[in-house]
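# Structure at a glance
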Amino acid sequence: YEGLCLVAAILALGVVLGVNAAQNLPVTINVALAIFGGLSAWLWLLARRGRTFPGLFLIAQLGVLGVGWFPNAGTHGSLPYYFFVPLCYSILLFDGSRAWALCALVLAEPIGLILLEHQIPGLIIPFQSERDRLIDISTGIVVAGTTCALIIWLAVTGYRRERQRLRVALDTLTRSED
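These remarks concern the structure in this document. Given the structure is predicted, the values throughout are model-derived calculations rather than measurements.

Conventions we followed
- Residues numbered from 1 in each chain as written.
- Predicted model: local features only at pLDDT ≥ 70, side-chain atom pairs only at ≥ 80, totals over all residues.
- Heavy atoms only, no water.
- Helix = DSSP H or I, 4+ residues; strand = E, 2+ residues; numbered from the N terminus.
- Buried < 20%, exposed > 50% of the residue type's maximum accessible area, 1.4 Å probe, protein only.
- Contact = heavy atoms within 4.5 Å.
- Salt bridge = Lys/Arg side-chain N within 4 Å of Asp/Glu carboxyl O.
- Phe/Tyr/Trp six-rings, centres within 6.5 Å; stacked < 30°, edge-to-face > 60°.
- Expected span 1.5 Å × (residues − 1).
- Axes fitted to C-alpha atoms, helices over the stretch in contact; angles between N-to-C directions.
- Parallel < 35°, antiparallel > 145°, perpendicular 65-115°, else oblique.
- Left-handed = near helix turned anticlockwise from the far one by under 90°.
- Nonpolar A, V, L, I, M, F, W, Y, C, P; charged D, E, K, R; others polar.

### Comments concerning the side chain of Asn20
The topology assignment puts Asn20 in helix 1 (residues 2-20). Given a relative accessible area of 2%, Asn20 falls into the buried group. Those residues in contact with Asn20 that lie beyond four places of it in its chain are Leu25, Ile29, Asn30, Leu33 and Trp69.

As structure tokens, this is what we get:
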């Protein structure tokens, strides 16, 4: 959780916001992104003090990446292809029926947005140029790739830590039996 919040803050404020400056995007997108980056940084600071709010983090992702970002070219932009990936990883922060309910919500949001785009195409602001689309798609790939790398790193680190803990416990048990 702490790592996801930190990476979200760095990507939002340090990568995506800067890249957005090179495009002709609606101001609302950058305002929503700055709020999300600031919130992610604040949640990271709270997590370092032992206070976690994964529900707030997921709702912020759904709001900013879905509702806030989707009008930027809709299905022609990076959101349905790349920004969807970090949302899926956030579900790993939850257990049981709550995780399944959130999974359904995360899956329903892009489907709902795509249907909304189909019904009301005027809600979508098309890219001003192919260059803007290329920048948007490239940024989406960086965000999704970075998030995937973080999750893989966390899984491998946790696996190694657990393996070491089991090895120490087995050695202790062996010495105790001897």
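### Focus: the pattern of salt bridges
If you walk through the whole model with that rule in mind, you get 3 salt bridges. Residue Asp132 is joined to Arg131 by a salt bridge in which the shortest nitrogen-to-oxygen separation is 3.6 Å. What makes Asp132 buried here is its relative accessible area of 2%. Note that Glu162 is salt-bridged to Arg165, the shortest N-O span being 2.5 Å. Linking Glu162 with Arg165, this pair stays in helix 6 (residues 130-177), spanning 3 residues, or about one helical turn.

### Notes on the packing of aromatic side chains
Applying the stated rule across the entire model yields 2 aromatic pairs. Summarising the aromatic geometry, the rings of Phe36 and Phe57 are spaced 6.2 Å apart at their centres and angled 25° between planes, so their arrangement reads as stacked. In this pair, Phe36 sits in helix 2 (residues 27-48) while Phe57 sits in helix 3 (residues 54-68), placing the two residues 21 residues apart along the sequence. Like Phe36, the residue Phe57 is buried in the burial classification. Joined through ring pairs, the aromatic side chains of Tyr1, Phe36 and Phe57 make up one cluster.

### Considerations on helix 6
The end-to-end C-alpha distance of helix 6, which contains 48 residues, comes to 70 Å, matching closely the 70 Å that a straight helix rising 1.5 Å per residue would cover. Among the residues of helix 6, Asp132, Ile135, Asp136, Ile137, Thr139, Gly140, Val143, Ala144, Thr147, Leu150 and Ile151 are the ones counted as buried.

### Side note on the packing of helix 1 against helix 6
Two elements in contact, helix 1 and helix 6, have axes whose closest approach is 11 Å; the angle formed by their N-to-C orientations is 165°. One element, helix 1, and the other, helix 6, form an angle in the roughly antiparallel class. Two packed elements cross with a definite hand, and for helix 1 against helix 6 that hand is right-handed. Touching Gly3, Leu4, Val7, Leu11, Val16 and Val19 of helix 1 are Ile135, Thr139, Val143, Thr146, Thr147, Leu150 and Ile151, all from helix 6. Here the residues of the contact of helix 1 with helix 6 are counted per class, giving 9 nonpolar, 4 polar and no charged.

### Thoughts on the side chain of Ser40
As for its position among the elements, Ser40 is in helix 2. The residues contacting Ser40, other than those within four sequence positions of it, are Cys5, Ala8, Ala9 and Phe57.

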